[in-house]
Amino acid sequence: MRRFTEGFYGYAFALIVCLAAGSLILFFMPNGKNEHIPRIDFSIDKINAARAASYTVETPKDVLADWVPTSSQITQKSDVVAWRLGFATKKRMHAMVAQSNEQPFAEFANRMANSDKATGTRQINGTAWEERFRQDKNQRSLVRVLPDHAVVVTGSADWDELTALAASLVVQPKPAN
């Protein structure tokens, strides 16, 4: 036994054992061929946001085809309610709807869009949305500042996907208390 633990034979034996163990680990580990995007259910957050907010919360009427809801976060400080709802799009880019009555509304919109400069406007369902583009972050945003809150649709998704998300937004009715 001493012969296998010393010198060249010991080194060769240890190397073979390590290579065999590494090969087994690689063989049984997931190889990444299957896409796995964690999906969340935001139905409770949709109701809670509508209940907590003093403004009319807007949510996608239906999750768009081949889109995956990936994140939902409600924050509330006093009377200020913000809700962020994130998606992986059909093209597997990121898109998010953020809305809040944080004042000033334009500052919230600027922070979510990472820009305060409009690059154009876009009509979606008869409503004007302000376009913003931050090239260094590859971030596109559609911004709508209303009298009582701001809504921002933003992400690395292309304009068509962001427009589809903005077009899917409908007012969420206030739940009965």
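Now for a quick tour of the structure.

Definitions and cut-offs
- Residues numbered from 1 in each chain as written.
- Predicted model: local features only at pLDDT ≥ 70, side-chain atom pairs only at ≥ 80, totals over all residues.
- Heavy atoms only, no water.
- Core = buried A, V, L, I, M, F, W, Y, C linked by side-chain atoms within 4.5 Å.
- Buried < 20%, exposed > 50% of the residue type's maximum accessible area, 1.4 Å probe, protein only.
- Helix = DSSP H or I, 4+ residues; strand = E, 2+ residues; numbered from the N terminus.
- Contact = heavy atoms within 4.5 Å.
- Pairing = 2+ DSSP bridges.

**Quick word on the nonpolar core**
Right, so step 1: By size, the foremost hydrophobic cluster in this structure holds 22 residues, and its most contacted members are Trp-129, Leu-142, Val-153 and Leu-165.
Right, so step 2: Looking at this core, the elements that each hand over two or more residues are strand S3 (80-88), strand S4 (94-100), strand S8 (150-155) and helix H5 (159-167).
Right, so step 3: The element best represented in this core is S3, accounting for four residues.
Right, so step 4: Each residue touching Leu-142, except ones within four places of it in the same chain, is listed here: Arg-122, Ile-124, Trp-129, Glu-130, Glu-131, Val-151, Val-152, Val-153, Trp-159, Leu-162, Thr-163 and Ala-166.
Right, so step 5: Residues Phe-105, Ala-109, Ala-113 and Val-143 belong to the second largest nonpolar core, which totals ten residues.

**A short note on unusual backbone geometry**
Right, so step 1: Omega for the bond connecting Gln-103 with Pro-104 falls within 30 degrees of zero, at -5°, which places this linkage in the cis form.
Right, so step 2: Although it is not a glycine, Arg-92 adopts a positive phi angle of roughly 60°.
Right, so step 3: Looking at the secondary structure, you find Arg-92 in the loop between S3 and S4.
Right, so step 4: With a relative accessible area of 33%, Arg-92 lands in the partly exposed category.

**What to know about the pairing of strand S5 (residues 120-124)**
Right, so step 1: Two strands pair when backbone bridges link them, and S5 and strand S6 (residues 127-134) are joined in this way by five bridges, in the antiparallel orientation. What sits directly across from Ile-124, in S6, is Thr-127.
Right, so step 2: Taken together, S5 and the strand that follows it, S6, pair antiparallel across an intervening segment of two residues, in which Asn-125 is found at a positive phi of about 50°.

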